[in-house]
Amino acid sequence: MTVAPKPGTLLLWESWLRHEVPVNRARAVRGTPAAAPAAMKLSTACLAGALACLAARAAHADKNYLVVLLDDVGPDKTGASAADYAGYAPAYLPRTPTVDTLATRGVRFTHAWATPLCSPTRVSLQTGLQPSRTGIGTALGNGAPGLDPTAFAMIASEFTSRGYTTGLFGKWHLGTRDALGHSGTPTGPFSTAPNPALAGWDRYWGNYDGYLGTDPTDPNDGYTKWVRVNWLKGGSGTVGTETTHATALTEQTAASWINARTQPWLAVVALNAAHSGTTASDVWSYADVTTAQHRSASLACLTTLTCTDRNRQVYQGLVEDADLKLAALLSTITPAKLENTVVVVLGDNGTPAAVQESVFAVAGRGKGTVYENGVRVPVIVADGYAYLHGTAGPTISAIGRLVDAKINTLDLYNTLLEDAFAINRAFIDSSSFRACLTVNDRYCGWTAKRYGYTEAFTSATSSVGGQATVSYGEDTMVAIYSGGCLAATFYDGAVDPLQTAPQAWTGVRAQRLRDFFTAQHTGRMDWANPTGAAVLGFCP
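To keep things clear, this report deals only with the structure shown in the data block.

Reading the values: the criteria
- Residues numbered from 1 in each chain as written.
- Predicted model: local features only at pLDDT ≥ 70, side-chain atom pairs only at ≥ 80, totals over all residues.
- Heavy atoms only, no water.
- Buried < 20%, exposed > 50% of the residue type's maximum accessible area, 1.4 Å probe, protein only.
- Helix = DSSP H or I, 4+ residues; strand = E, 2+ residues; numbered from the N terminus.
- Pairing = 2+ DSSP bridges.
- Core = buried A, V, L, I, M, F, W, Y, C linked by side-chain atoms within 4.5 Å.
- Contact = heavy atoms within 4.5 Å.
- Axes fitted to C-alpha atoms, helices over the stretch in contact; angles between N-to-C directions.
- Disulfide = S-S within 2.5 Å.
- Parallel < 35°, antiparallel > 145°, perpendicular 65-115°, else oblique.
- Left-handed = near helix turned anticlockwise from the far one by under 90°.
- Phe/Tyr/Trp six-rings, centres within 6.5 Å; stacked < 30°, edge-to-face > 60°.
- Nonpolar A, V, L, I, M, F, W, Y, C, P; charged D, E, K, R; others polar.

1. Focus on the pairing of strand S10 (residues 341–347)
Part 1: Of all 7 residues that make up S10, 7 are buried, and the element is covered over most of its length.
Part 2: Burial of the side chains of S10 extends over both faces: Thr341, Val343, Val345 and Gly347 are buried on one face and Val342, Val344 and Leu346 on the other.
Part 3: When S10 meets strand S11 (residues 379–383), the two strands line up antiparallel, connected through 5 bridges. Across the sheet, Val344 pairs through a bridge with Val381, a residue of S11.

Dropping the structure here:
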(Lines give C-alpha, C1' and ligand atoms only; values in the text may rest on other atoms or scores of the structure.)
Protein backbone atom coordinates (compact mmCIF):
# COMPACT_ATOMS: atom_id res chain seq x y z
CA MET A 1 0.00 0.00 0.00
CA THR A 2 1.41 3.35 -0.94
CA VAL A 3 1.72 5.96 1.79
CA ALA A 4 1.98 9.45 0.36
CA PRO A 5 4.80 11.87 0.99
CA LYS A 6 3.55 15.27 2.00
CA PRO A 7 2.02 17.13 -0.95
CA GLY A 8 4.55 19.32 -2.64
CA THR A 9 7.58 17.41 -1.40
CA LEU A 10 10.32 17.36 -4.04
CA LEU A 11 11.57 13.83 -4.60
CA LEU A 12 15.31 14.07 -5.21
CA TRP A 13 15.70 10.86 -7.17
CA GLU A 14 19.47 10.89 -7.54
CA SER A 15 19.97 11.15 -3.78
CA TRP A 16 18.18 7.97 -2.75
CA LEU A 17 20.08 4.81 -1.92
CA ARG A 18 18.54 1.37 -2.02
CA HIS A 19 18.71 -0.33 1.38
CA GLU A 20 16.92 -2.57 3.85
CA VAL A 21 15.31 -1.74 7.16
CA PRO A 22 15.04 -4.34 9.91
CA VAL A 23 11.48 -4.78 11.17
CA ASN A 24 10.39 -4.42 14.77
CA ARG A 25 7.53 -6.91 14.95
CA ALA A 26 6.40 -5.62 18.31
CA ARG A 27 4.57 -2.82 16.51
CA ALA A 28 2.23 -2.68 13.56
CA VAL A 29 4.06 -1.96 10.33
CA ARG A 30 2.37 0.55 8.02
CA GLY A 31 5.13 0.85 5.43
CA THR A 32 7.56 3.50 4.32
CA PRO A 33 6.82 6.55 2.19
CA ALA A 34 7.02 5.95 -1.54
CA ALA A 35 9.84 8.12 -2.70
CA ALA A 36 12.58 6.28 -4.53
CA PRO A 37 13.31 5.18 -8.07
CA ALA A 38 15.10 1.98 -6.97
CA ALA A 39 17.13 2.33 -10.14
CA MET A 40 20.52 1.95 -8.51
CA LYS A 41 21.80 -1.56 -7.80
CA LEU A 42 24.02 -0.96 -4.77
CA SER A 43 25.13 -3.59 -2.29
CA THR A 44 22.55 -3.96 0.48
CA ALA A 45 23.19 -3.68 4.18
CA CYS A 46 21.08 -4.46 7.21
CA LEU A 47 21.04 -1.36 9.36
CA ALA A 48 20.97 -3.39 12.56
CA GLY A 49 24.26 -5.04 11.64
CA ALA A 50 25.42 -8.28 10.11
CA LEU A 51 24.74 -10.40 13.20
CA ALA A 52 21.11 -9.27 13.35
CA CYS A 53 20.69 -10.11 9.66
CA LEU A 54 22.16 -13.57 10.15
CA ALA A 55 19.93 -14.18 13.16
CA ALA A 56 16.85 -13.16 11.18
CA ARG A 57 17.81 -15.47 8.35
CA ALA A 58 18.44 -18.38 10.70
CA ALA A 59 14.99 -17.89 12.26
CA HIS A 60 13.07 -17.75 9.01
CA ALA A 61 15.06 -19.26 6.15
CA ASP A 62 13.39 -22.68 6.37
CA LYS A 63 9.92 -21.44 5.39
CA ASN A 64 8.77 -21.91 1.77
CA TYR A 65 6.57 -19.58 -0.28
CA LEU A 66 4.09 -20.52 -2.99
CA VAL A 67 2.44 -17.67 -4.90
CA VAL A 68 -0.36 -18.63 -7.30
CA LEU A 69 -1.36 -15.92 -9.75
CA LEU A 70 -4.71 -16.21 -11.53
CA ASP A 71 -5.02 -14.38 -14.85
CA ASP A 72 -8.01 -12.08 -15.41
CA VAL A 73 -9.86 -13.35 -12.32
CA GLY A 74 -11.54 -10.66 -10.23
CA PRO A 75 -13.36 -11.08 -6.90
CA ASP A 76 -16.64 -11.66 -8.76
CA LYS A 77 -15.33 -14.98 -10.09
CA THR A 78 -14.37 -16.89 -6.94
CA GLY A 79 -16.95 -18.21 -4.51
CA ALA A 80 -15.52 -16.70 -1.33
CA SER A 81 -15.11 -13.16 -2.70
CA ALA A 82 -18.28 -13.04 -4.80
CA ALA A 83 -20.37 -13.33 -1.65
CA ASP A 84 -19.12 -9.88 -0.54
CA TYR A 85 -21.33 -8.05 -3.05
CA ALA A 86 -25.00 -7.46 -2.27
CA GLY A 87 -27.27 -7.99 -5.26
CA TYR A 88 -24.68 -9.96 -7.22
CA ALA A 89 -26.52 -12.81 -8.96
CA PRO A 90 -24.31 -14.38 -11.64
CA ALA A 91 -25.49 -17.20 -13.87
CA TYR A 92 -21.96 -18.49 -14.49
CA LEU A 93 -20.13 -18.26 -11.18
CA PRO A 94 -17.19 -20.71 -11.17
CA ARG A 95 -17.07 -23.28 -8.39
CA THR A 96 -13.76 -22.72 -6.58
CA PRO A 97 -13.69 -24.90 -3.43
CA THR A 98 -9.88 -25.00 -3.29
CA VAL A 99 -9.55 -21.21 -3.28
CA ASP A 100 -12.46 -21.00 -0.84
CA THR A 101 -10.85 -23.53 1.51
CA LEU A 102 -7.63 -21.53 1.56
CA ALA A 103 -9.74 -18.48 2.46
CA THR A 104 -11.51 -20.22 5.35
CA ARG A 105 -8.19 -21.60 6.59
CA GLY A 106 -6.22 -18.41 6.09
CA VAL A 107 -6.81 -14.69 5.70
CA ARG A 108 -8.86 -13.15 2.90
CA PHE A 109 -8.38 -9.50 1.95
CA THR A 110 -11.63 -7.82 0.89
CA HIS A 111 -10.14 -4.51 -0.31
CA ALA A 112 -7.13 -5.47 -2.42
CA TRP A 113 -6.13 -3.56 -5.56
CA ALA A 114 -3.88 -4.49 -8.46
CA THR A 115 -3.28 -2.51 -11.62
CA PRO A 116 -5.97 -2.95 -14.31
CA LEU A 117 -3.72 -4.92 -16.69
CA CYS A 118 -1.44 -7.97 -16.74
CA SER A 119 2.06 -6.60 -17.34
CA PRO A 120 2.10 -3.67 -14.90
CA THR A 121 0.75 -5.85 -12.09
CA ARG A 122 3.36 -8.54 -12.71
CA VAL A 123 6.14 -5.96 -12.84
CA SER A 124 4.88 -4.31 -9.64
CA LEU A 125 4.74 -7.66 -7.84
CA GLN A 126 8.39 -8.32 -8.62
CA THR A 127 9.71 -4.79 -8.03
CA GLY A 128 7.45 -3.42 -5.30
CA LEU A 129 7.02 -0.28 -7.41
CA GLN A 130 4.07 1.50 -8.96
CA PRO A 131 3.98 1.34 -12.79
CA SER A 132 5.04 4.96 -13.26
CA ARG A 133 8.33 4.14 -11.50
CA THR A 134 9.15 1.29 -13.88
CA GLY A 135 7.67 2.67 -17.09
CA ILE A 136 5.47 -0.41 -17.65
CA GLY A 137 1.91 0.89 -17.55
CA THR A 138 0.05 -1.27 -20.05
CA ALA A 139 -0.06 -4.82 -21.38
CA LEU A 140 3.08 -5.54 -23.40
CA GLY A 141 2.76 -6.71 -26.98
CA ASN A 142 4.21 -10.02 -28.11
CA GLY A 143 8.00 -9.93 -28.13
CA ALA A 144 8.22 -6.48 -26.49
CA PRO A 145 11.53 -5.71 -24.74
CA GLY A 146 9.63 -4.66 -21.61
CA LEU A 147 11.33 -4.35 -18.24
CA ASP A 148 15.09 -4.28 -17.74
CA PRO A 149 15.27 -6.32 -14.50
CA THR A 150 18.90 -5.38 -13.90
CA ALA A 151 17.78 -1.82 -13.09
CA PHE A 152 15.66 -2.88 -10.11
CA ALA A 153 15.81 -4.90 -6.90
CA MET A 154 13.78 -7.89 -8.07
CA ILE A 155 12.00 -10.10 -5.52
CA ALA A 156 13.61 -13.31 -6.82
CA SER A 157 17.09 -11.81 -6.45
CA GLU A 158 16.27 -10.79 -2.88
CA PHE A 159 15.48 -14.42 -2.08
CA THR A 160 18.32 -16.07 -4.01
CA SER A 161 20.86 -13.76 -2.39
CA ARG A 162 19.73 -15.10 0.99
CA GLY A 163 20.03 -18.80 0.24
CA TYR A 164 16.66 -19.58 -1.33
CA THR A 165 16.11 -21.30 -4.66
CA THR A 166 13.49 -19.70 -6.88
CA GLY A 167 11.26 -20.80 -9.74
CA LEU A 168 8.54 -19.17 -11.82
CA PHE A 169 6.19 -21.33 -13.87
CA GLY A 170 3.65 -20.12 -16.42
CA LYS A 171 2.96 -16.70 -17.87
CA TRP A 172 5.81 -14.18 -17.75
CA HIS A 173 4.67 -11.00 -19.60
CA LEU A 174 7.27 -8.66 -18.09
CA GLY A 175 9.37 -8.43 -21.23
CA THR A 176 11.61 -10.52 -23.48
CA ARG A 177 14.92 -8.60 -23.59
CA ASP A 178 17.82 -10.94 -22.76
CA ALA A 179 21.31 -10.33 -21.38
CA LEU A 180 22.61 -9.36 -24.85
CA GLY A 181 19.76 -6.94 -25.48
CA HIS A 182 17.90 -9.18 -27.92
CA SER A 183 14.10 -9.25 -27.71
CA GLY A 184 11.52 -11.86 -28.64
CA THR A 185 11.08 -15.53 -27.80
CA PRO A 186 14.40 -17.39 -28.07
CA THR A 187 14.83 -20.01 -30.77
CA GLY A 188 16.26 -23.47 -30.25
CA PRO A 189 18.69 -24.27 -27.43
CA PHE A 190 20.13 -21.05 -25.99
CA SER A 191 22.65 -20.05 -23.35
CA THR A 192 22.14 -16.28 -23.11
CA ALA A 193 20.35 -15.40 -19.87
CA PRO A 194 16.71 -14.61 -20.72
CA ASN A 195 14.57 -11.91 -19.12
CA PRO A 196 13.37 -14.14 -16.22
CA ALA A 197 16.97 -15.08 -15.38
CA LEU A 198 17.93 -11.40 -15.30
CA ALA A 199 15.12 -10.98 -12.76
CA GLY A 200 16.83 -13.53 -10.51
CA TRP A 201 14.82 -16.70 -11.15
CA ASP A 202 16.89 -19.88 -10.93
CA ARG A 203 14.29 -21.73 -12.98
CA TYR A 204 11.81 -20.38 -15.48
CA TRP A 205 9.33 -22.48 -17.42
CA GLY A 206 6.33 -21.14 -19.33
CA ASN A 207 5.19 -18.73 -22.03
CA TYR A 208 6.61 -15.27 -22.52
CA ASP A 209 3.70 -13.21 -23.81
CA GLY A 210 0.22 -12.08 -22.80
CA TYR A 211 -1.70 -14.99 -24.26
CA LEU A 212 -0.78 -18.41 -25.55
CA GLY A 213 -1.94 -18.40 -29.18
CA THR A 214 0.38 -16.94 -31.81
CA ASP A 215 -0.96 -18.47 -35.04
CA PRO A 216 -4.47 -17.25 -35.95
CA THR A 217 -4.64 -19.72 -38.87
CA ASP A 218 -4.45 -22.74 -36.54
CA PRO A 219 -7.70 -23.48 -34.64
CA ASN A 220 -5.75 -25.52 -32.05
CA ASP A 221 -3.35 -22.69 -31.29
CA GLY A 222 -3.72 -21.51 -27.69
CA TYR A 223 -4.07 -23.61 -24.55
CA THR A 224 -3.31 -26.87 -26.36
CA LYS A 225 -0.64 -25.63 -28.76
CA TRP A 226 1.75 -23.05 -27.42
CA VAL A 227 5.42 -22.08 -27.30
CA ARG A 228 7.21 -22.93 -24.07
CA VAL A 229 10.50 -21.44 -22.85
CA ASN A 230 12.53 -23.40 -20.30
CA TRP A 231 15.57 -22.03 -18.46
CA LEU A 232 17.82 -23.58 -15.83
CA LYS A 233 20.32 -21.55 -13.86
CA GLY A 234 23.78 -22.06 -15.25
CA GLY A 235 23.08 -21.28 -18.87
CA SER A 236 20.77 -23.96 -20.19
CA GLY A 237 17.67 -22.94 -22.15
CA THR A 238 15.30 -24.71 -24.53
CA VAL A 239 12.24 -23.72 -26.55
CA GLY A 240 9.51 -26.06 -27.75
CA THR A 241 5.87 -26.37 -28.75
CA GLU A 242 3.63 -27.97 -26.13
CA THR A 243 0.37 -29.75 -26.92
CA THR A 244 -0.69 -30.54 -23.35
CA HIS A 245 -3.19 -28.04 -21.90
CA ALA A 246 -1.19 -25.16 -20.42
CA THR A 247 -2.96 -25.17 -17.04
CA ALA A 248 -2.30 -28.87 -16.48
CA LEU A 249 1.31 -28.82 -17.67
CA THR A 250 2.17 -25.72 -15.66
CA GLU A 251 0.85 -27.34 -12.48
CA GLN A 252 2.70 -30.60 -13.15
CA THR A 253 6.01 -28.86 -13.90
CA ALA A 254 5.78 -26.65 -10.82
CA ALA A 255 4.94 -29.59 -8.56
CA SER A 256 7.87 -31.62 -9.87
CA TRP A 257 10.29 -28.76 -9.27
CA ILE A 258 8.94 -28.04 -5.78
CA ASN A 259 9.16 -31.65 -4.63
CA ALA A 260 12.77 -31.89 -5.84
CA ARG A 261 13.89 -28.94 -3.67
CA THR A 262 16.21 -29.65 -0.76
CA GLN A 263 16.59 -26.02 0.34
CA PRO A 264 14.03 -23.29 1.09
CA TRP A 265 12.22 -22.08 -2.01
CA LEU A 266 10.06 -19.36 -3.49
CA ALA A 267 7.78 -20.53 -6.32
CA VAL A 268 5.40 -18.44 -8.41
CA VAL A 269 2.83 -20.40 -10.40
CA ALA A 270 1.40 -17.89 -12.88
CA LEU A 271 -1.48 -19.72 -14.53
CA ASN A 272 -2.73 -18.49 -17.89
CA ALA A 273 -6.28 -19.29 -16.83
CA ALA A 274 -8.70 -17.68 -17.19
CA HIS A 275 -7.23 -15.43 -19.89
CA SER A 276 -8.47 -16.09 -23.41
CA GLY A 277 -6.13 -18.41 -25.27
CA THR A 278 -6.02 -16.38 -28.47
CA THR A 279 -7.14 -12.81 -27.73
CA ALA A 280 -6.63 -10.06 -25.16
CA SER A 281 -9.60 -11.53 -23.24
CA ASP A 282 -12.26 -10.33 -25.67
CA VAL A 283 -13.35 -13.72 -27.05
CA TRP A 284 -13.01 -17.25 -25.64
CA SER A 285 -13.00 -20.38 -27.77
CA TYR A 286 -14.14 -23.93 -27.06
CA ALA A 287 -10.56 -24.88 -27.96
CA ASP A 288 -9.45 -23.16 -24.75
CA VAL A 289 -11.08 -25.93 -22.71
CA THR A 290 -11.13 -29.01 -24.95
CA THR A 291 -9.03 -31.02 -22.50
CA ALA A 292 -9.69 -28.97 -19.35
CA GLN A 293 -11.62 -30.22 -16.34
CA HIS A 294 -14.54 -28.54 -14.64
CA ARG A 295 -16.88 -29.02 -11.68
CA SER A 296 -20.24 -27.56 -12.72
CA ALA A 297 -22.57 -30.04 -14.44
CA SER A 298 -23.86 -27.25 -16.67
CA LEU A 299 -20.43 -27.10 -18.30
CA ALA A 300 -21.02 -30.38 -20.09
CA CYS A 301 -21.91 -28.06 -22.97
CA LEU A 302 -18.18 -27.42 -23.40
CA THR A 303 -17.82 -30.96 -24.71
CA THR A 304 -20.83 -30.84 -27.01
CA LEU A 305 -20.04 -27.26 -28.12
CA THR A 306 -23.58 -26.20 -27.30
CA CYS A 307 -23.16 -23.62 -24.52
CA THR A 308 -25.76 -20.88 -24.19
CA ASP A 309 -23.10 -18.25 -23.53
CA ARG A 310 -19.79 -19.53 -24.94
CA ASN A 311 -17.58 -16.71 -23.65
CA ARG A 312 -18.82 -16.83 -20.07
CA GLN A 313 -19.01 -20.62 -19.88
CA VAL A 314 -15.56 -21.21 -21.38
CA TYR A 315 -14.22 -18.64 -18.93
CA GLN A 316 -16.09 -20.41 -16.11
CA GLY A 317 -14.54 -23.70 -17.19
CA LEU A 318 -11.05 -22.22 -17.21
CA VAL A 319 -11.45 -20.88 -13.65
CA GLU A 320 -12.80 -24.21 -12.41
CA ASP A 321 -9.93 -26.02 -14.10
CA ALA A 322 -7.45 -23.65 -12.43
CA ASP A 323 -9.05 -24.41 -9.06
CA LEU A 324 -8.79 -28.15 -9.73
CA LYS A 325 -5.14 -27.81 -10.70
CA LEU A 326 -4.46 -25.78 -7.57
CA ALA A 327 -5.93 -28.66 -5.56
CA ALA A 328 -3.71 -31.08 -7.49
CA LEU A 329 -0.63 -28.96 -6.84
CA LEU A 330 -1.30 -28.74 -3.11
CA SER A 331 -1.98 -32.48 -2.89
CA THR A 332 1.17 -33.34 -4.85
CA ILE A 333 3.52 -31.32 -2.65
CA THR A 334 4.72 -33.61 0.13
CA PRO A 335 2.83 -32.93 3.39
CA ALA A 336 5.99 -32.12 5.35
CA LYS A 337 6.97 -29.55 2.74
CA LEU A 338 3.48 -28.04 2.45
CA GLU A 339 3.16 -27.74 6.24
CA ASN A 340 6.12 -25.39 6.11
CA THR A 341 4.84 -23.31 3.19
CA VAL A 342 2.99 -20.00 3.04
CA VAL A 343 0.45 -20.09 0.19
CA VAL A 344 -0.72 -16.90 -1.53
CA VAL A 345 -3.47 -16.79 -4.16
CA LEU A 346 -4.25 -13.55 -6.00
CA GLY A 347 -5.57 -12.10 -9.24
CA ASP A 348 -3.64 -9.81 -11.56
CA ASN A 349 -6.50 -7.45 -12.50
CA GLY A 350 -10.27 -7.24 -12.60
CA THR A 351 -12.44 -9.56 -14.66
CA PRO A 352 -12.73 -8.68 -18.37
CA ALA A 353 -15.93 -6.84 -19.30
CA ALA A 354 -16.86 -9.53 -21.82
CA VAL A 355 -17.51 -12.05 -19.04
CA GLN A 356 -18.63 -9.87 -16.14
CA GLU A 357 -22.21 -10.37 -14.97
CA SER A 358 -25.00 -8.87 -12.91
CA VAL A 359 -24.00 -5.74 -10.95
CA PHE A 360 -20.39 -6.07 -12.15
CA ALA A 361 -21.36 -5.73 -15.82
CA VAL A 362 -21.11 -1.99 -16.42
CA ALA A 363 -20.24 -0.67 -19.87
CA GLY A 364 -16.76 0.83 -20.14
CA ARG A 365 -15.46 -0.80 -16.97
CA GLY A 366 -13.73 -3.99 -15.90
CA LYS A 367 -10.23 -5.09 -16.88
CA GLY A 368 -8.21 -2.26 -18.42
CA THR A 369 -9.93 0.48 -16.41
CA VAL A 370 -9.18 1.91 -12.98
CA TYR A 371 -12.75 1.62 -11.81
CA GLU A 372 -13.25 -0.69 -8.83
CA ASN A 373 -14.29 -3.68 -10.91
CA GLY A 374 -11.13 -3.27 -12.99
CA VAL A 375 -8.60 -3.16 -10.15
CA ARG A 376 -10.08 -5.01 -7.17
CA VAL A 377 -8.76 -8.56 -6.99
CA PRO A 378 -8.95 -11.57 -4.68
CA VAL A 379 -5.99 -11.95 -2.32
CA ILE A 380 -5.74 -14.88 0.10
CA VAL A 381 -2.84 -15.90 2.36
CA ALA A 382 -2.80 -19.25 4.15
CA ASP A 383 -0.42 -21.60 5.90
CA GLY A 384 -0.02 -24.93 4.17
CA TYR A 385 -0.34 -26.47 7.62
CA ALA A 386 -3.77 -24.91 8.11
CA TYR A 387 -4.86 -26.02 4.64
CA LEU A 388 -3.94 -29.61 5.48
CA HIS A 389 -5.18 -29.79 9.06
CA GLY A 390 -7.78 -27.05 9.51
CA THR A 391 -5.98 -25.50 12.48
CA ALA A 392 -3.69 -22.49 12.70
CA GLY A 393 -0.16 -22.88 11.37
CA PRO A 394 3.10 -21.07 12.12
CA THR A 395 2.40 -17.83 10.20
CA ILE A 396 -1.28 -16.95 10.67
CA SER A 397 -2.41 -16.91 14.29
CA ALA A 398 -6.18 -17.00 13.71
CA ILE A 399 -7.60 -18.54 10.53
CA GLY A 400 -10.79 -17.85 8.61
CA ARG A 401 -10.46 -14.09 9.02
CA LEU A 402 -11.50 -11.26 6.74
CA VAL A 403 -9.27 -8.20 6.48
CA ASP A 404 -10.88 -4.98 5.29
CA ALA A 405 -7.69 -2.91 5.39
CA LYS A 406 -6.71 -1.63 1.95
CA ILE A 407 -3.72 -3.32 0.39
CA ASN A 408 -2.16 -3.45 -3.06
CA THR A 409 -0.77 -6.58 -4.71
CA LEU A 410 2.65 -4.91 -4.89
CA ASP A 411 2.63 -4.93 -1.08
CA LEU A 412 3.33 -8.65 -1.29
CA TYR A 413 6.97 -7.79 -2.11
CA ASN A 414 7.81 -6.39 1.34
CA THR A 415 5.37 -8.74 3.09
CA LEU A 416 7.36 -11.74 1.87
CA LEU A 417 10.67 -10.10 2.76
CA GLU A 418 9.44 -9.31 6.24
CA ASP A 419 8.05 -12.77 6.86
CA ALA A 420 11.11 -14.55 5.51
CA PHE A 421 13.93 -12.29 6.68
CA ALA A 422 12.46 -9.67 9.06
CA ILE A 423 13.39 -6.84 6.69
CA ASN A 424 11.60 -4.34 4.47
CA ARG A 425 13.04 -2.80 1.32
CA ALA A 426 13.02 0.96 1.90
CA PHE A 427 12.09 3.69 -0.58
CA ILE A 428 9.74 1.60 -2.69
CA ASP A 429 5.95 1.64 -2.89
CA SER A 430 5.42 -1.78 -1.29
CA SER A 431 4.25 -1.64 2.32
CA SER A 432 4.25 -4.90 4.24
CA PHE A 433 0.91 -6.23 5.43
CA ARG A 434 2.44 -8.98 7.54
CA ALA A 435 0.76 -7.46 10.61
CA CYS A 436 -2.54 -8.58 9.07
CA LEU A 437 -1.42 -12.19 9.43
CA THR A 438 -0.78 -11.95 13.15
CA VAL A 439 -3.13 -9.24 14.48
CA ASN A 440 -6.67 -10.60 14.84
CA ASP A 441 -8.39 -7.43 13.67
CA ARG A 442 -10.15 -6.50 10.40
CA TYR A 443 -7.83 -3.50 10.07
CA CYS A 444 -4.64 -5.25 11.23
CA GLY A 445 -4.33 -3.00 14.26
CA TRP A 446 -3.75 0.05 12.08
CA THR A 447 -5.56 3.01 13.60
CA ALA A 448 -5.04 5.53 10.79
CA LYS A 449 -6.76 5.42 7.42
CA ARG A 450 -4.50 4.34 4.58
CA TYR A 451 -4.13 5.77 1.11
CA GLY A 452 -4.40 3.48 -1.87
CA TYR A 453 -3.18 4.10 -5.40
CA THR A 454 -2.99 2.34 -8.72
CA GLU A 455 -2.66 3.46 -12.33
CA ALA A 456 -2.30 2.58 -16.00
CA PHE A 457 -0.91 4.45 -19.00
CA THR A 458 -0.02 3.75 -22.60
CA SER A 459 3.22 5.75 -22.69
CA ALA A 460 5.66 6.76 -19.97
CA THR A 461 6.28 10.05 -21.79
CA SER A 462 2.73 11.14 -22.60
CA SER A 463 -0.39 11.82 -20.54
CA VAL A 464 -2.69 10.60 -23.31
CA GLY A 465 -4.29 7.35 -22.18
CA GLY A 466 -3.31 7.84 -18.54
CA GLN A 467 -5.66 6.90 -15.72
CA ALA A 468 -5.35 6.50 -11.96
CA THR A 469 -7.43 5.84 -8.88
CA VAL A 470 -6.73 7.07 -5.35
CA SER A 471 -8.45 6.08 -2.12
CA TYR A 472 -8.38 7.34 1.44
CA GLY A 473 -10.27 4.90 3.60
CA GLU A 474 -13.45 4.31 1.56
CA ASP A 475 -13.29 7.66 -0.26
CA THR A 476 -12.14 7.06 -3.85
CA MET A 477 -11.24 9.18 -6.86
CA VAL A 478 -11.11 7.88 -10.43
CA ALA A 479 -9.04 10.23 -12.62
CA ILE A 480 -8.85 9.79 -16.41
CA TYR A 481 -6.92 11.92 -18.89
CA SER A 482 -9.26 14.04 -20.99
CA GLY A 483 -8.10 16.74 -23.38
CA GLY A 484 -5.15 18.13 -21.45
CA CYS A 485 -6.35 17.56 -17.89
CA LEU A 486 -7.56 14.81 -15.55
CA ALA A 487 -11.31 14.34 -15.26
CA ALA A 488 -11.95 13.26 -11.66
CA THR A 489 -15.00 11.43 -10.35
CA PHE A 490 -15.51 10.66 -6.67
CA TYR A 491 -17.21 7.70 -4.98
CA ASP A 492 -18.05 6.67 -1.42
CA GLY A 493 -17.04 3.02 -1.21
CA ALA A 494 -18.66 2.57 2.20
CA VAL A 495 -22.12 2.65 0.61
CA ASP A 496 -21.29 2.27 -3.08
CA PRO A 497 -18.55 -0.37 -3.52
CA LEU A 498 -19.08 -0.76 -7.28
CA GLN A 499 -19.11 2.99 -7.94
CA THR A 500 -22.59 3.59 -9.32
CA ALA A 501 -23.26 6.95 -7.63
CA PRO A 502 -20.72 9.76 -8.27
CA GLN A 503 -20.29 12.23 -5.42
CA ALA A 504 -20.16 16.02 -5.79
CA TRP A 505 -17.41 16.57 -3.23
CA THR A 506 -15.73 19.98 -3.30
CA GLY A 507 -14.03 20.17 0.09
CA VAL A 508 -11.31 18.27 1.89
CA ARG A 509 -12.60 14.82 0.87
CA ALA A 510 -11.90 15.62 -2.77
CA GLN A 511 -8.80 17.76 -2.29
CA ARG A 512 -6.77 15.26 -0.30
CA LEU A 513 -7.25 12.66 -3.05
CA ARG A 514 -6.08 15.17 -5.67
CA ASP A 515 -3.14 16.15 -3.45
CA PHE A 516 -2.11 12.53 -3.08
CA PHE A 517 -2.05 12.06 -6.84
CA THR A 518 0.00 15.21 -7.30
CA ALA A 519 2.50 14.16 -4.63
CA GLN A 520 2.97 10.78 -6.34
CA HIS A 521 4.25 12.45 -9.51
CA THR A 522 6.00 15.60 -8.25
CA GLY A 523 9.69 15.95 -9.04
CA ARG A 524 10.03 13.22 -11.66
CA MET A 525 9.21 12.57 -15.29
CA ASP A 526 6.39 10.14 -16.02
CA TRP A 527 3.03 9.95 -17.79
CA ALA A 528 1.46 12.47 -15.38
CA ASN A 529 4.46 14.80 -15.49
CA PRO A 530 6.03 14.39 -18.94
CA THR A 531 8.46 17.30 -18.63
CA GLY A 532 9.25 16.83 -14.94
CA ALA A 533 8.28 20.45 -14.32
CA ALA A 534 4.57 20.25 -13.55
CA VAL A 535 2.12 17.48 -12.70
CA LEU A 536 -0.95 17.20 -14.90
CA GLY A 537 -3.80 19.28 -13.49
CA PHE A 538 -7.42 18.38 -12.88
CA CYS A 539 -10.23 19.49 -15.15
CA PRO A 540 -12.47 22.22 -13.70
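2. Quick word on the nonpolar core
As a rule of thumb, soluble globular proteins bury nonpolar side chains together.
Part 1: Grouped together as the largest cluster of nonpolar side chains are 59 residues, with contacts concentrated most on Phe109, Phe159 and Trp201.
Part 2: The element that contributes the greatest number of residues to this core is helix H14 (residues 412–421), accounting for 6 residues.
Part 3: Setting aside chain neighbours within four positions, we find Trp201 in contact with Gln126, Ile155, Ala156, Thr166, Gly167, Leu168, Trp172, Pro196, Trp231, Leu266 and Val268.
Part 4: Counting residues in hydrophobic clusters, the runner-up holds 49 residues, among them Leu102, Trp265, Val289 and Leu318.

3. What to know about H14
Part 1: Taken across its 10 residues, H14 has 10 buried, putting it largely inside the fold.
Part 2: Along H14, the positions that sit buried rather than exposed are Leu412, Tyr413, Asn414, Thr415, Leu416, Leu417, Glu418, Asp419, Ala420 and Phe421.
Part 3: Following H14 by one or two positions, Ala422 adopts a phi angle in the positive range, close to 60°.

4. Here's the deal with the sheet that holds strand S17 (residues 475–482)
Part 1: Across the sheet, which stays open at both edges, the 4 strands sit in the order S15-S16-S17-S18 with antiparallel pairing between neighbours. Among the strands making up the open sheet, the edge pair consists of strand S15 (451–456) and strand S18 (485–492). Neighbouring strand axes in the sheet, compared pairwise and without regard to direction, differ in orientation by 15° on average.
Part 2: Bridge count between S15 and strand S16 (residues 467–472): 6 bridges; the pairing is antiparallel. Its bridge partner lying in S16, Glu455 is registered against Ala468.
Part 3: Relative to S15, helix H16 (residues 508–521) is tilted by about 60°, and along the sheet it contacts S15, S16, S17 and S18.

5. Thoughts on the state of the cysteines
Part 1: With the rule as written, the count across this model stands at 3 disulfides.
Part 2: Disulfide partner of Cys436: Cys444, at an S-S distance of 2.0 Å. With the S-S dihedral at roughly 100°, the linkage between Cys436 and Cys444 falls on the right-handed side. The exposure classification of Cys436 matches that of Cys444, with both residues buried.

6. Considering the packing of helix H8 (residues 246–259) against helix H10 (residues 310–332)
Part 1: The N-to-C vectors of H8 and H10 enclose an angle of 15°; their axes lie 10 Å apart at closest approach. By the angle between their directions, the pair H8 and H10 is classed as roughly parallel. Every pair of crossing elements has a handedness; the one defined by H8 and H10 is right-handed. Across the interface between the two elements, Thr247, Ala248, Glu251, Ala254, Ala255, Ile258 and Asn259 from H8 touch Asp321, Ala322, Lys325, Ala328, Leu329 and Thr332 from H10.

7. Comments concerning the packing of aromatic side chains
Part 1: According to the stated counting rule, one finds 22 aromatic pairs in the structure shown.
Part 2: Summarising the aromatic geometry, the rings of Phe169 and Trp257 are spaced 5.4 Å apart at their centres and angled 55° between planes, so their arrangement reads as tilted. Of this pair, Phe169 sits in strand S5 (residues 165–170) while Trp257 sits in helix H8, and the two are 88 residues apart along the sequence.
Part 3: Relative to Trp527, the ring of Phe517 has its centre 5.9 Å away and its plane inclined at 65°; by these criteria the two rings are edge-to-face.

8. Considering the packing of helix H3 (residues 97–104) against H10
Part 1: Between H3 and H10, the shortest axis-to-axis distance is 7 Å and the interhelical angle comes to 60°. By the angle between their axes, H3 is oblique relative to H10. Of the residues in H10, those in contact with Pro97, Thr98, Val99 and Leu102 of H3 are Asp323, Leu326, Ala327 and Leu330.
Part 2: Of the residues assigned to the contact of H3 with H10, the class counts are 6 nonpolar, 1 polar and 1 charged.

Geometric values such as these leave the question of function open.
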